[in-house]
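# Structure at a glance
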Amino acid sequence: MDKVLIRELKVETVIGIYEWEKQIHQNLLIDLDMDFDIREAASSDDYQFALCYETVSNRLIELITEKPIDLIETVAERVAQCVMEEFGVRRVKVKVMKPGAVPAAKAVGVEIVRGHD
Ligand SMILES: Nc1nc2c(c(=O)[nH]1)N=C([C@H](O)[C@@H](O)CO)CN2
């Protein structure tokens, strides 16, 4: 299946389970693999048939930053639900990484796949 990809979308937001985390902003890095048939956009060279990675990125930043979230699992599920419901994506892989959360690790994170072919 064709895919539209977003890599390392940086989202600065209030994220975490601890009280001190609720007082600061931290970065999340989000990867998306969105199943999407690109043939109509490619053959027509017409933007109206494309899944706009810019529009998706801006919507996800809005979604994630609208209120504090405890778990990165919640971020992943909300992102998957949003791209399927609002952008007509039938299957999506979402990876949410939290750099710096564990000092000894470069990043920690979760990855989910939602939807079907
Ligand atoms: N599976 C998870 N484990 C942990 C999370 C999380 O979101 N998912 N969050 C934390 C803390 O917020 C941590 O990032 C603070 O450094 C701990 N474990």
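Fair warning: this is a prediction, and the values are worked out from it, not measured in the lab.

What counts, and where the lines are drawn
- Residues numbered from 1 in each chain as written.
- Predicted model: local features only at pLDDT ≥ 70, side-chain atom pairs only at ≥ 80, totals over all residues.
- Heavy atoms only, no water.
- Core = buried A, V, L, I, M, F, W, Y, C linked by side-chain atoms within 4.5 Å.
- Buried < 20%, exposed > 50% of the residue type's maximum accessible area, 1.4 Å probe, protein only.
- Helix = DSSP H or I, 4+ residues; strand = E, 2+ residues; numbered from the N terminus.
- Contact = heavy atoms within 4.5 Å.
- Salt bridge = Lys/Arg side-chain N within 4 Å of Asp/Glu carboxyl O.

### Thoughts on the nonpolar core
If you look at the biggest cluster of nonpolar residues, it comprises 29 residues, and the most contacted ones within it are Ile-30, Leu-32, Met-34, Leu-60, Val-75, Val-94 and Val-96. Those elements that place two or more of their residues in this core are strand S1 (3-13), strand S2 (26-35), helix H2 (53-65), helix H3 (72-87), strand S3 (91-99) and strand S4 (107-115). Per-element accounting of this core gives the leading share, seven residues, to H3. If we skip the residues at most four places from it in the chain, Leu-32 touches Val-4, Leu-5, Ile-6, Arg-7, Val-56, Leu-60, Val-79, Val-83, Val-92, Lys-93 and Val-94.

### Notes on the pattern of salt bridges
Inspection of the entire model under this criterion finds ten salt bridges. Across the salt bridge formed by Glu-21 and Lys-98, the nearest N and O atoms sit 2.9 Å from each other. Here Glu-21, found in the loop between S1 and S2, pairs with Lys-98, found in strand S3; they are 77 residues apart in sequence, far enough to count as distant. A relative accessible area of 4% places Glu-21 in the buried class. Assessed through its relative accessible area of 8%, Lys-98 is described here as buried. The residue Asp-37 makes a salt bridge to Arg-39 at a minimum N-O spacing of 2.8 Å. Bridged by salt links that share partners, the residues Lys-3, Asp-35 and Arg-91 form one connected network.

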